[in-house]
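Chain by chain, the residues:
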Amino acid sequence: MGDEFKKMRRHNSSSLYMNYLDKYRLKNGADKLKIHFNNLFSKNKNYALMLLNSSTLKYPSLFVLKDEISRLDISNNLSARNKSALDITDKIFNNNMSLIYEKDNYDILSWMLNTGYMVDGLNQRYDELLDKTAILLIKVHNDTNCLNAIEHLIFSRHRKGDFIYDLVWVFLESKNPKCIDMLVKRLLSNNEKDILLSKKLLDFVPCINSESTRNKALLYHKTAKWVKDNSNFIYYHGDHFHQTPKPSTFRLSLENKYLQNTTHLKSSENKRSYTDFEVTAIDSFRNLDPDSQKLLSDYSHYLHKHNSNKWRSWIGKSISEQLAIAQSGNIKEYNKGK
Amino acid sequence: MININSQIITPDVLIQKYTLNSTEQKIVNILSASDHTYKYASEDQLLFELYLRNSIINASVALYKSNFSFKVFRHSVCNTDFWRRTNEGGFLLKSSVNPSDAIKDIYINSSLYGTECATAMVIVYYKALVDVLPEKVFNKLFSEIYLMNWQHLDRDIGIMDYRYVHDYLPGDGRYFKNPDVNPLTPEWQGENVFDLGDGIYYGHGLGVGRANKFIQGLNENRIPGSTKSAYLMDSAKRPNFKHLAQMAQQLE
């Protein structure tokens with residue numbers, strides 16, 4: 001509750017703008033809100049309905065009062081937003097397929113998650129509902145505005161040892177570069193568990209396991225630099241925690257880094273198709289051992305960035321010549337620049 | 001081919017040790033016929049792998065035949081005499097009980113347990129090891145067990161997911177992926193299975209059958225209108241058989 005209160009204070013600069021029912025719930029808890037709402041309703045029905053239908057109401061209060069609304073038989077007196085939100089809530093609990101087709105649910109789903117995520121942990125059903133809301137926003141509505149809320153949920157749950165796997169899955173399934181940036185920022189967290197989770201999800205970054213979590217500033221700096229430097233060649237791979245012990249959430253396309261061809265993060269497809277020359281080059285490249293592939297892709301990227309004329313000349317040579325040059329003194333120059 | 005202590009071994013001698021068409025015989029035949037050289041330091045090392053692979057299959061079939069139910073992590077259940085259910089839906093071994101007894105209980109009182117396929121895989125590995133290792137060794141090696149998913153499998157099991165393998169072997173862990181899963185049922189985003197040999201797999205939730213059974217089962221849980229089918233991934237999960245053989249020998 002504390003987190004929600006602080007966030008609301010931050011957004012509104014004063015709790016004066018907070019809906020009375022939300023304020024009461026934050027102060028006294030969900031069960032007392034139900035009793036209080038009943039009292040309010042019995043004394044002044046219109047006032048109780050006005051508070052409930054207020055545009056400032058947060059979804060958790062509506063969720064808490066769901067059974068009271070039904071018991072008092074006031075569903076028909078609800079605002080369109082509240083009616084839709086409760087309808088969606090029921091549909092989510094019943095896995096109702098219409099949620100996949102109804103594209104006009106977006107605003108309500110977004111309201112439910114964005115005003116509701118700070119109350120995560122209210123109860124098992126509520127948490128499950130938040131997960132499904134997040135999944136619908138990303139998978140059905142292609143929403144990326146909810147990524148911050150989902151990221152917050154993942155890390156706060158992980159600290160408490162709560163269930164994170166569906167949220168982690170859908171967060172990554174958004175295939176959005178913002179996800180990588182958010183994970184990188186978590187490396188600066190003061191919470192050790194945040195850093196461990198972030199490192200697990202950023203396992204595709206070569207330096208991620210080489211630095212102690214104590215050197216978090218250094219770890220962050222190196223990781224952020226690597227991600228920025230390789231952003232054109234990172235693609236979503238789609239491994240998840242339930243699938244494999246060391247999931248490759250994202251991967252680096254060494255082939256495209258070698259040819260300096262951008263990879264689409266979402267589809268892993270190349271930005272431009274290969275020329276005949278590149279097709280031959282890739283065949284030779286694929287026959288190399290992993291260390292040589294890494295050396296060539298790193299060297300190619302470095303040379304392309306610093307001297308495109310030299311790069312053009314180098315990439316036109318045979319693969320053995322390229323390797324010889326990369327292995328020669330020039331790589332010292334490259335390593336210095338790393 | 002099979003190479004034991006730098007010597008190529010013909011399958012005949014090994015095959016004689018096992019009954020006709022046994023899992024062990026099938027594995028020896030696959031290893032021997034392969035272009036890849038499977039290296040072992042000793043015959044015992046190979047025999048241990050055959051023994052454990054067979055045990056994985058037996059533990060899979062026994063779990064399938066039990067009353068162990070499918071439940072999503074949020075609603076997972078366990079026998080609280082042996083396990084504490086964690087907030088994320090995993091089962092943590094109670095410190096007051098024997099690890100081997102707790103694993104056996106899942107098979108004895110199976111109706112008290114229910115969870116997803118990832119935990120079922122983990123349970124199968126532990127049960128296979130309970131059946132293969134002396135009880136004392138098992139309890140010493142695995143004194144702290146957390147049944148959840150691959151992330152929490154004991155390090156001594158040394159599970160690895162190999163992106164490419166030369167041959168698929170009975171006892172391998174495989175994965176059917178459902179890239180277009182229905183967002184309302186994310187639990188069907190894929191199915192962890194064990195290769196039981198002869199093209200048959202076991203996966204908790206979908207049961208025992210050929211690949212098409214799992215693909216069909218997952219396809220039924222796709223987002224409406226999807227044309228992207230579920231598929232069996234190339235990778236294979238294997239415990240570190242050699243390390244486990246060594247640990248078993250050392251601790252005995």
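Note that the coordinates shown come from a computational prediction; the quantities given were computed from them, not determined experimentally. (Residues numbered from 1 in each chain as written. Chains lettered and ligands numbered in written order. Predicted model: local features only at pLDDT ≥ 70, side-chain atom pairs only at ≥ 80, totals over all residues. Heavy atoms only, no water.)

## Observations regarding the overall build of chain A
- Broken down by element type, chain A carries 21 helices and two strands.
- Relative to the globule expectation of 20 Å for 338 residues, the C-alpha radius of gyration of chain A, 26 Å, shows a markedly less compact shape.
- Taking the principal axes of the C-alpha coordinates as reference, chain A spans close to 90 × 45 × 35 Å.
- Per-residue burial for chain A yields a buried fraction of 53% across its 338 residues.
- Entry remark: accessible area of chain A is about 16,200 Å², with carbon and sulfur atoms responsible for 48%.
- Within chain A, one finds 51 positive and 38 negative side-chain charges whose respective centroids are separated by 6 Å. (Helix = DSSP H or I, 4+ residues; strand = E, 2+ residues; numbered from the N terminus. Rg over C-alpha atoms; globule rule 2.2 N^0.38 Å. Buried < 20%, exposed > 50% of the residue type's maximum accessible area, 1.4 Å probe, protein only. Areas by Shrake-Rupley, 256 points an atom, 1.4 Å probe, with all protein chains shown as cover. Lys, Arg positive; Asp, Glu negative; His and termini not counted. Charge placed at Lys NZ, Arg CZ, Asp CG, Glu CD.)

## Considering the overall build of chain B
- Scanning chain B from terminus to terminus reveals eight helices and 15 strands.
- Computed over the C-alpha atoms, the radius of gyration of chain B is 19 Å, within 12% of the 18 Å expected from 2.2 N^0.38 for a compact globule of 252 residues.
- Projecting the C-alpha coordinates of chain B onto the three principal axes gives extents of approximately 55 × 50 × 30 Å.
- The proportion of buried residues among the 252 residues of chain B is 58%.
- Residue pairs in contact within chain B that sit at least 24 positions apart in sequence constitute 67% of those at least 6 positions apart. (Contact = heavy atoms within 4.5 Å.)

## Topic: the sheet that holds strand β8 (residues 146-147) of chain B
Residue and element names in this part refer to chain B.
- What the three strands build is an open sheet, ordered β5-β6-β8; its pairing is antiparallel. Each having just a single partner strand, β5 (83-85) and β8 make up the two edges of the open sheet.
- Relative to β8, strand β6 (residues 91-93) is paired through two bridges, and the arrangement is antiparallel. Its bridge partner being in β8, Phe 91 is matched across the sheet by Leu 147.
- Along the sheet, helix α4 (residues 99-108) contacts β5, β6 and β8; its crossing angle with β5, the most-contacted strand, is approximately 65°. (Pairing = 2+ DSSP bridges. Axes fitted to C-alpha atoms, helices over the stretch in contact; angles between N-to-C directions.)

## Details of a nonpolar patch on the surface
- A surface patch of nonpolar side chains, about 290 Å² in accessible area, is lined by A:Tyr20, A:Tyr47 and A:Met50.
- In this fold, A:Met50 is placed in helix α4 (residues 45-53). (Patch = residues over 30% accessible without salt bridge, like charges linked within 9 Å, V, L, I, M, F, W, Y side chains within 5 Å. Salt bridge = Lys/Arg side-chain N within 4 Å of Asp/Glu carboxyl O.)

## Side note on the pairing of strand β12 (residues 200-203) of chain B
All names here are of chain B.
- Note: strand β11 (residues 190-197) against β12, three bridges, orientation antiparallel. For Asp 195, the partnering residue across the bridge sits in β12 and is Tyr 201.
- Looking at chain direction, β12 and strand β13 (residues 207-209) are connected through three bridges and run antiparallel. Counted as the bridge partner of Tyr 202 is Val 208 from β13.

## A closer look at the pattern of salt bridges
- Inspection of the entire model under this criterion finds 24 salt bridges over all chains.
- One salt bridge in this structure joins A:Glu255 and A:Arg286, with 2.7 Å as the shortest N-O distance. With A:Glu255 in helix α16 (residues 254-259) and A:Arg286 in helix α17 (residues 276-286), this pair connects stretches of sequence that are 31 residues apart.
- Within this structure, A:Asp120, A:Asp131, A:Arg157 and B:Arg74 form a network of salt bridges that share partners.

## Comments concerning the packing of helix α2 (residues 20-28) of chain A against helix α3 (residues 30-43) of chain A
All names here are of chain A.
- Between α2 and α3, the shortest axis-to-axis distance is 7 Å and the interhelical angle comes to 140°. Put simply, α2 runs oblique to α3. Both α2 and α3 take part in a crossing whose hand is right-handed. Between α2, through Tyr 20, Leu 21, Tyr 24, Arg 25 and Asn 28, and α3, the contact on the second element is made entirely by Ala 30, Lys 32, Leu 33, His 36, Phe 37 and Leu 40.
- Taken together, the residues of the contact of α2 with α3 break down into seven nonpolar, two polar and two charged. (Parallel < 35°, antiparallel > 145°, perpendicular 65-115°, else oblique. Left-handed = near helix turned anticlockwise from the far one by under 90°. Nonpolar A, V, L, I, M, F, W, Y, C, P; charged D, E, K, R; others polar.)

## What to know about unusual backbone geometry
Residue and element names in this part refer to chain B.
- Although it is not a glycine, Asn 21 adopts a positive phi angle of roughly 65°.
- As for its position among the elements, Asn 21 is in the loop between α1 (11-16) and α2 (23-33).
- With phi around 60°, Asp 198 is a residue other than glycine that occupies positive phi space.
- As for its placement among the helices and strands, Asp 198 is situated in the loop between β11 and β12.
- Judged by its relative accessible area of 52%, Asp 198 falls in the exposed class.

## Quick notes on the nonpolar core
- Membership of the largest hydrophobic core comes to 94 residues, with the highest contact counts inside it found for A:Leu52, A:Leu113 and A:Ile150.
- Among the elements that make up this core, the one with the highest residue count is helix α10 (residues 124-139) of chain A (eight residues).
- Among residues more than four places away in sequence, those in contact with A:Ile150 are A:Leu113, A:Ala134, A:Ile138, A:Leu167, A:Val170 and A:Phe171.
- With 48 residues, the next largest nonpolar core counts B:Val132, B:Phe138, B:Leu153 and B:Phe194 among its residues. (Core = buried A, V, L, I, M, F, W, Y, C linked by side-chain atoms within 4.5 Å.)

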